[in-house]
Structures are given as structure tokens and as C-alpha cells.
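Given next are the chains, with one letter for each unit.
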Amino acid sequence: MSGSVNDKCFYGQGVTKTTTSPLDRKRLVINLTNQDIDESTESILAKGLNFAPAPRMIPYSDFIGGVEQAIRKLPGEAAEEVRTDKGNATVLMETTLYQQRIAELLQDKAYVKLPRDPTDSITRKTITLLKGSALPIETVKSLRPQAPAPLRLYGLPKIHKHGAPLRPIVSAIGSPTYDLARHLVDILSPYVGLCEHHIKNSAEFVQTLSEIHVEKTDLLVSLDVVSLFTRVPLTDTLCLLERKFEPDTVKLFHHVLTSTYFQFNGEFFEQAEGVAMGSPLTPAVANFFMEDFEEKALNSAPLRPKYFYWYVDDTFIVWPHGRDNLDQFLEHMNSRHPNITFTMELEKDGRLPFLDILIQRKSDGTLGHSVYRKPTSTNLYLNGGSHHHPSQRSAVLTTLFHRAMSISDQNSLPSELAHLKKTFAQNGYNGHQISMALKRTSEPRDKRHIEDKEKPVARACLPYVSSVSGKISRILRRHNIETIHKPPMKLKEQLVRAKDSAGLKIPGVYRVPCECGEAYIGETGRTIETRLKEHKRHLRLDPLSS
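We now turn to the structure provided with this report. (Residues numbered from 1 in each chain as written. Predicted model: local features only at pLDDT ≥ 70, side-chain atom pairs only at ≥ 80, totals over all residues. Heavy atoms only, no water.)

**A closer look at the packing of aromatic side chains**
This structure, assessed with the given rule, holds 15 aromatic pairs. Aromatic pair Phe424 and Tyr429: ring centres 6.3 Å apart, planes at 75°, arrangement edge-to-face. Take Phe424 and Tyr429: they sit in the same class, and that class is buried. An aromatic cluster of three or more residues is present, and its members are Phe205, Tyr309, Phe316 and Phe354. (Phe/Tyr/Trp six-rings, centres within 6.5 Å; stacked < 30°, edge-to-face > 60°. Buried < 20%, exposed > 50% of the residue type's maximum accessible area, 1.4 Å probe, protein only.)

Set out below in C-alpha cells:
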């Protein structure tokens, strides 16, 4: 921790009640439509799309489904005992305009329209490659796609740019290669971050800054790779992977990185360039490639920076050779590979933002550091009145307090903590909640209460309802089942339809009515679509069984 916290100053026994001005709604709700919204609607939207209103009724079926899935791993008697016991800114945009802008994005030659949904074929190939790999049988079983769904494209408005263009985002959770991609990240991680110039995170970089001394003639500079994730050269990256891994493992990397399809508005497209957007493997592979790229580029440069540190697509340098030579260095970096182009930002008034840190020169040649917020920051976080589990709301406070203490130097820490306390109050948290979160964060790690918990036999993902969830959690805890509390429908889920609906391409409970008036109710861990097809095939082959 770069600074210290004075107990009396920040969470003394006496709490002075002050009036806190509310957050600016005009910055929190960006209306790009031609329709006016009334004050009450604006007030709700200003709480953020992650705000979860209290549910009007208890979702009994969700509780039953979540508990049943978990207690299957218990012995029969124990399972029966449980059964008996349990009795950030909001942007408004016209749908037509949104779809028009996504369509314009898809006109780019980087995307190719596909004639059909490739999910099934990619699933089959994933299974085949897993079976042919040297991975242990149990690992292969755990990575086999169970209920694969298409990757879905949606767009987020860049409100800081003219016309609010969309940034394309691909949701890959549940896709045929998602679990395999996460496994490959674990395999790749030991080979990334080994060079002296690599930064693991902001907290580590802050420690590095304490060792840097700059002269008045030195320049603070940051370099940023343009659209790195869609520009990572696949062929070159696979060549690097071949130096580290066996051929069957490289095939798994190749399969995940080239599964670049996605769905939008019922149609399917393939990404023609770069590696798969949305895959958890993409950032790790980009890091892996850039480590090799920047080491070679740095070693071949006619003039080298005094200091050089990088994190994925962001690079911080201290340049001692003058402004003109700096332009030549940028040209050198941009000439190393046709896919890799850097933009450059120089310090202004002795300050330079890098990652989420604002670096500032000091008169003695050292560098100060504080938390950096973009000009578009709204200071909107999960609202204190949202119907989330208390631990989830508390985590918002402790996470931001921890960041403040990790990044801020002693001079900037008091003002940063004061800013956070005011911001949390504006987001609906009371003084006691804020003080307790700050106290927990300030405690030395060795003094924090950490329980040695036994590994749970199962996890139950249940909807959070304040009057019910605690009781069920305590019942399950007696059987060593961990409860994961899922908030009820957020505003985002009630109002926004940016992603295509997954339809029946999800696991879950289903009901099949019969012409006799009865109905069959079942549950499947695969997709409901697949299970219904099996039912239809069974009836077709054995009509008497119905």
C-alpha cells in the first residue's frame, strides 16, 4: 500500500452527517432518441443498468431448480433432508438506429456472412480434438461442451466520440470453445510475463515507479496498439506457440483462435481477420505475441528508451533522446509488423495517464501517482438500494478502496478516499457501510479474519430474495453446499435487448404438453433444443411409448 490511513480521520466513532449532492443525471442518462423521458423514468435509469429492483414475488421455481441441481451430489438421505427443510451511464438509442449501426459495422470486409449456424460443427470438432489430445480423460470430460450456444454480437456506444459510434463486443460465454479457451489460458500463463519489461497489474507498476528517476529533459510517453485483439497475426502467433507446446496442443489453440463466428439479429458472421473476439484466450494470446514483438522491436531500435514497460497493448516509456528522435522511434515500432500500429501520447503539464494511473512529475525527479479517471467517468457504481446480496454491494466499496490504497501515493490518498466516500454516498450507501468497508480494507492482511473453509461438495446458484435466501443458505451450508446469490432481473435485463436471444440453446427445465392433457417436465444440462429433438425422435421411432 502506497499510503497510510488515519483511523480517526476516516472512520472515527463520531459521524458528522453532511448533505451530499446527487450525481448529475444528464451525465448518467444519455438520450440519443427523439423521445422525451419523464423525471421518474430518468430517476430509475440514473441508478444504472446493474440496479436490481426488489422482486414482486418469490421465484420459487428458480430456488427449487438451483437447490435440486446442487443436492444431487449429496447422499440420498441428506438430499431428502434438504428438500424437507427448505419448504454504470445508461444510453438510450432507437432500436432501428442501433441495428443500422451494427449493420454498418458488419459491412466491413473484416466480417463475412455465413449461410448457416456453425455451432454444431464447431462443437463436434471441439470434441474430436479433445479426444485426440494428450489431456487426461477427466479433463477432456470437463472441457467437453455441454450446452453450446452461438457467440452473440452487440454494441456499446462510445459516448465520448462524435455521433456515439458503437464498439463491437462479442459474448462468448457458453460457446462451443469457451471452457477449452479458459483451460488454454491456464496452460499459456506460465509462458507470459517472464521478461523484465512486462507489467502484471497497476499495483505492481506503482512499485516500479518508485524506482524511476527522470531528468527535466526526459519525456514521459505512452504507446497504444490500435485494435490489437482483432489484429493479432494468427500465423505468427501459432509459430510462437509451436516452440512451446506439442502439436496436439497447438491444434487446440488453433481451433479456439479460429472459431471467430458470432450471431446478430438471427444471422451468422465470421471474423476474417485476427483472433476470436470475446474468447477468454484472446487477451492471453495477445500478451504472448506482444511480449515477443516488443522485445525484438526494442532490441533492434537505433535509440532505446531510458525506461520501457508494457501491459498487453499499452506501453510506458521514458524517452531521453529529444522530441525528433521520439518520432523516429515511433516509426521504427510501426515498421516491425504490418498488423501492429501504435499511437502515441505525450505528457501534458507534467502528467500522463497510463492504465488507471495518473503519473505526475515531481521537482526532485521522482514520479507521483494517483487514480486516473477518464473525462467521461460518471462515478456511477452499483446502487446501495439495489436488491443484491449485501456482500456483493460491500465488495463494490472494498474493491475501490483497495484500488485507491494500491495506486495512490501518500499525497493523493486522502483526497482520493474523500472522493470515494462522497461518491459512495451519492450512490446510496450510508456512512456506516462506507466506514466499515474502509476499515476492512485498511486492516493489515495478516489481521483479517480468513476462515479455512472445507471445499464445498457443490454450489447452488440461487436468486437473491432478502427474506428467503439467508434461510436457504444456512440449510445448505450445513451440508457443505456453497450458495451463490444471483440478483433478480436487473434493469439491463428488463429494458435492453442488445444481444440476440439464446432461445432454446440453453440448459434448464422444460415442459412438453401432451394432447391427453398431461405434460412431461424434465431438466437437462445440455441445450433444451437438443433434448426436445431427442424426444421427437424417440416418439417417431416408438410412437406407442407416448
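**Brief notes about the packing of helix α9 (residues 178–188) against helix α14 (residues 281–299)**
Following both chains from N to C, one finds α9 and α14 inclined at 30°, their axes separated by 9 Å at the closest point. Regarding the angle of α9 to α14, the classification is roughly parallel. Where α9 crosses over α14, the two elements pack in a sense that is left-handed. Every residue of α14 that contacts α9 at Ala181, Leu184, Val185 and Leu188 is listed here: Leu281, Ala284, Val285 and Phe288. Residues that form the contact of α9 with α14 fall into these classes: eight nonpolar, no polar and no charged. (Axes fitted to C-alpha atoms, helices over the stretch in contact; angles between N-to-C directions. Helix = DSSP H or I, 4+ residues; strand = E, 2+ residues; numbered from the N terminus. Parallel < 35°, antiparallel > 145°, perpendicular 65-115°, else oblique. Left-handed = near helix turned anticlockwise from the far one by under 90°. Contact = heavy atoms within 4.5 Å. Nonpolar A, V, L, I, M, F, W, Y, C, P; charged D, E, K, R; others polar.)

**Some details on the sheet that holds strand β12 (residues 351–354)**
On the basis of which strands lie adjacent, the open sheet formed by three strands has the order β12-β13-β14 and antiparallel pairing. Strands with a single pairing partner mark the edges of an open sheet, and in this sheet they are β12 and β14 (367–371). Averaged over all pairs of adjacent strands, the angle between their axes in this sheet comes to 25°, without regard to strand direction. Pairing of β12 with strand β13 (residues 357–361), which is carried by four bridges, proceeds in the antiparallel orientation. Within β13, the residue paired with Arg351 across the bridge is Gln360. Most of the contacts of helix α10 (residues 202–209) go to β13, to which it runs at about 10°, and overall it touches β12, β13 and β14. (Pairing = 2+ DSSP bridges.)

**Structural notes on the pattern of salt bridges**
Under the definition given, this model contains nine salt bridges. Of the charged contacts, one joins Arg361 and Glu347 as a salt bridge, the two residues approaching to 2.8 Å between their closest N and O atoms. Of the two residues, Arg361 is situated in strand β13 and Glu347 in the loop between β11 (342–346) and β12; the sequence distance between them amounts to 14 residues. Note on Glu347: relative accessible area 18%, which makes it buried. (Salt bridge = Lys/Arg side-chain N within 4 Å of Asp/Glu carboxyl O.)

**Some words on the packing of helix α16 (residues 390–407) against helix α18 (residues 431–442)**
Put simply, α16 and α18 touch, their axes get as near as 9 Å, and they point 50° apart. Judged on the interaxial angle alone, α18 and α16 are oblique. The crossing of α16 and α18 is right-handed. Listed contacts from α18 to Ser394, Leu397, Thr398, Phe401, His402 and Met405 of α16 are Gln433, Ile434, Ala437, Leu438, Arg440, Thr441 and Ser442.

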